Amino acid sequence: MSERIATVASRVGLHARPAAIFAEAAGEYENLEITIRAEGEDTEEGMDASSVLSLMSLGAAHGDKVVLAADGDGAEEALEHLASIIETDLDAE
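Residues numbered from 1 in each chain as written. Predicted model: local features only at pLDDT ≥ 70, side-chain atom pairs only at ≥ 80, totals over all residues. Heavy atoms only, no water.

Visitor: I'd like a description of a negative patch on the surface, backed by residues and values.
Guide: A contiguous patch of negative charge on the surface is contributed by Glu41, Asp42, Glu44 and Glu45. Secondary-structure assignment places Glu44 in the loop between strand 2 (35-38) and strand 3 (47-48). Assessed through its relative accessible area of 68%, Glu44 is described here as exposed. (Patch = residues over 30% accessible without salt bridge, like charges linked within 9 Å, V, L, I, M, F, W, Y side chains within 5 Å. Areas by Shrake-Rupley, 256 points an atom, 1.4 Å probe, with all protein chains shown as cover. Salt bridge = Lys/Arg side-chain N within 4 Å of Asp/Glu carboxyl O. Lys, Arg positive; Asp, Glu negative; His and termini not counted. Charge placed at Lys NZ, Arg CZ, Asp CG, Glu CD. Helix = DSSP H or I, 4+ residues; strand = E, 2+ residues; numbered from the N terminus. Buried < 20%, exposed > 50% of the residue type's maximum accessible area, 1.4 Å probe, protein only.)

Okay, here's the thing in structure tokens:
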């Protein structure tokens, strides 16, 4: 299992628009099960990263650290791409 820690850059956290953008990108990796959880939570707490509702229920605010996890071919590249989305202030675009 590959993991990557990312810091939420969007001023509103992973809510509404940033969550939708991230969930859509995570959903493009159909061959991988990608999860997201707050840093410090157990692996079992990971939620479906392609679900807007899961992302919003995570409650990740600006500056919070989240852990992305995936297993399978291309997991490292997928996590790097998804981390770059989280680490971009999507509200500034």
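Structure shown, so let's carry the discussion forward.
Visitor: If you had to explain the side chain of Ser2 to someone new, which residues and values would you point to?
Guide: Tracing the backbone shows Ser2 in strand 1 (residues 2-7). With residues near it in sequence (within four places) discarded, Ser2 still touches Leu68, Ala69, Ala70, Ala75, Glu76 and Leu79. (Contact = heavy atoms within 4.5 Å.)

Visitor: Got a sec to walk through the pattern of salt bridges? Specific residues and values, please.
Guide: Across all of its chains, the model carries 4 salt bridges by this definition. For Arg37, the salt bridge identified is with Glu3, shortest N-O distance 3.1 Å. A residue pair is termed long-range when its members are at least 10 positions apart, and Arg37 in strand 2 and Glu3 in strand 1 qualify at 34 residues. Notably, a salt bridge pairs Asp89 with Arg11, separated by 3.1 Å at the nearest N-O pair. Of this pair, Asp89 sits in the segment after helix 3 (75-86) while Arg11 sits in the loop between strand 1 and helix 1 (16-27), and the two are 78 residues apart along the sequence. Bridged by salt links that share partners, the residues Arg4, Glu80 and Glu87 form one connected network.

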